[in-house]
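# Structure assessment
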Amino acid sequence: MYQLNSLESSLKHFFGYDSFRPGQRQIITEALQNRDVLVIMPTGGGKSLCYQLPALLRSGVTIVVSPLIALMKDQVDALQNNGIGATFLNSSLEREEVRDREHQILSGSIKLLYVAPERLLSESFIPFLDILRDRLGLASFAIDEAHCVSEWGHDFRPEYRQLRLLRQRYPDVPMMALTATATQRVQQDIINQLALQAPHFHIASFNRPNLYYAVQPKEKRSYLQLLKIIQDHANGSGIIYCLSRKNVEEIAARLQRDNISALPYHAGMTPELRNHNQTCFIRDDAQIIVATIAFGMGINKPDVRFVLHYDLPRNLEGYYQESGRAGRDGESATCILFYSSSDIFRVRYFIDQKPDPNEQRIAYQQLEQMIDYAEGTTCRRTIQLSYFGEKFKGNCQNCDNCRDPKPIEDWTIEAQKFLSCVARTKEKFGMSHIIDVLRGSRSKKVEGYGHHLLSTYGIGKDKSKEEWKMLARALLHQGLINQSQDGYNTLKLNKKSWEVLRKQREVSIAVTPQKSTKRAGEEPL
Ligand code: ADP
Ligand code: ZN
């Protein structure tokens, strides 16, 4: 075996870099000892190198599974430009070409073979891998964008489920799974689905200190609100994400009429036009791209100065990814989310259309997390990072809640009422039901469970639903109550909850002044 201290010289030799980025050295070391590895690193952290360098130092061929055909070609081109033997097989190639490449691979000149996950299903591929194993050996499997195996991720791809097959057929070949996004739930899913064996975990911090995060209530004249943000970033590139293609078209057209160089991007456009608009944006021929979430995966534009979400994203992981396309160059950049309660109704409507109850349950939980973020009064980073299982100390001074904190009030009594209601309903219900009981609702559900007979029934009439929700979210953020992660969001008491109930702990929360029932947003443009 080669010496590990020669890793730096290999890095210099193959890639021309002087030093490793945080985490890379250890990941590579573990991989070279044939361990399974799970790499969780934000986009731009340098994941590719973690499997590319080991591939060059091992005998045999490393198979890289990657979901995006366009990206695959770019990566392979970049490697070839560095004089590294790499190629790809996917459905974009003619049969002849595939055969040529297979020959080239078997001749031993290729160290990295990129394949799309659906390739694994094609009849000829597995026999080819068998031959490859027998002749040259399989060095390892690298599974890029590994969160695609999980329904709990933001980009589930059923083809990824087939990856199990690799483990079953080649149990001795080590595997590295890589992703830029993973809640603990998704991490567990990756490990289970890919059957990783006692993997080495590498989890990098997801904090992006140069991004300023803010939420703005979506105003009635939301287009003007948007213009204001663009003006604040005069000349800076920006991405505006909308939920619907129609909105994308309309906003782009309206910006153009207002002499702002903006182009639309969504999956309903022809590939040529999409490519054209994307290229214009990357080359700064257009200042702004107005897009659905179809835009962005694998796009490398380092100097995006702001990302605005015009509509509520479906989930927090997606939001993290999309907003994270700002400020890749490390310079400061802004991420703003427009938020209105009518957006919530719209997302709920979409969720209710889903035929599969399991999918519905997941989508509802994700929506709750999104609301939690948007309505949160504590540091936005703390809220975001806690969904990646990361503890962040708060007070980042680079989010709206930290720079402009809401007034703090003592809500100990209310917290006691809330928590004792959770206790009396036996920790079997979610936030809305608890609030219904506190506010003395006559709903069938409340009476059906006999909760109108509880001593906590109706003791919270003096506060609105929104105020109770604000308290409940604050309790969650402060760790004074837990919520089940099974999709039902059942509230559970913990040690700290009991301290509050026993009057050993006081509760202060940041209070947003509650508006009347008037709802903002959802106005025609
Ligand atoms: P990810 O896949 O995590 O989004 P990439 O693998 O695309 O990130 O790497 C991001 C950028 O960082 C690439 O341009 C890559 O060449 C560069 N990079 C990776 N590792 C190093 C390193 N050790 N030193 C300098 N640049 C690096
Ligand atoms: Zn903050």
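Residues numbered from 1 in each chain as written. Chains lettered and ligands numbered in written order. Predicted model: local features only at pLDDT ≥ 70, side-chain atom pairs only at ≥ 80, totals over all residues.

Looking at an unreviewed UniProt entry, one finds the protein chain named DNA helicase RecQ, with Spirulina subsalsa FACHB-351 as its source organism. The record held by UniProt for the protein chain lists under Catalytic activity (unreviewed entry) the comment "Couples ATP hydrolysis with the unwinding of duplex DNA by translocating in the 3'-5' direction." As stated in UniProt under Sequence similarities (unreviewed entry), the record for the protein chain gives "Belongs to the helicase family. RecQ subfamily." (UniProt positions renumbered as here; feature names shortened; annotations may be inferred.)

The next subject is the site of ligand 1. In the vicinity of ligand 1, the contacting residues are Tyr-17, Phe-20, Arg-21, Gln-24, Met-41, Thr-43, Gly-44, Gly-45, Gly-46, Lys-47, Ser-48 and Leu-49. Of the residues in the shell around ligand 1, the class split is 4 nonpolar, 6 polar and 2 charged. (Near = placed C-beta within 6 Å. Nonpolar A, V, L, I, M, F, W, Y, C, P; charged D, E, K, R; others polar.)

This part takes up the packing of helix H17 (residues 412–424) against helix H20 (residues 465–477). Where H17 meets H20, the axes come as close as 11 Å, and the angle between the chain directions of the two elements is 85°. The pairing of H17 with H20 is recorded here as roughly perpendicular in orientation. Of H20, the residues touching H17 (which contributes Glu-414, Ala-415 and Phe-418) are Trp-468, Leu-471, Ala-472 and Leu-475. For the contact of H17 with H20, the residue count by class is 6 nonpolar, no polar and 1 charged. (Axes fitted to C-alpha atoms, helices over the stretch in contact; angles between N-to-C directions. Helix = DSSP H or I, 4+ residues; strand = E, 2+ residues; numbered from the N terminus. Parallel < 35°, antiparallel > 145°, perpendicular 65-115°, else oblique. Contact = placed C-beta atoms within 7 Å.)

In the predicted model, the protein chain carries a mean pLDDT of 90, and 96% of its residues have values of at least 70. Across the protein chain, strand E10 (residues 262–265) holds the top mean pLDDT of 98, while helix H13 (residues 341–353) sits lowest at 84. In this model, residues 516–525 is a region of pLDDT below 50 whose contacts with residues beyond four sequence positions or in other chains number 22 contacts. Note on the complex model: pTM 0.69, ipTM 0.97. (pLDDT = per-residue confidence, 0-100.)

Between its terminal C-alpha atoms helix H14 (residues 357–375) stretches 27 Å, which fits the 27 Å expected from 19 residues at 1.5 Å a residue. Looking at H14, one finds that the buried residues are Ala-363, Gln-365, Gln-366, Leu-367, Gln-369, Met-370, Tyr-373 and Ala-374. In this structure, the buried residues of H14 make contact with strand E8 (211–217), helix H12 (316–323), strand E13 (333–339), H13 and helix H15 (380–386). (Expected span 1.5 Å × (residues − 1). Buried ≥ 20, exposed ≤ 12 C-beta atoms within 10 Å, placed from the backbone.)

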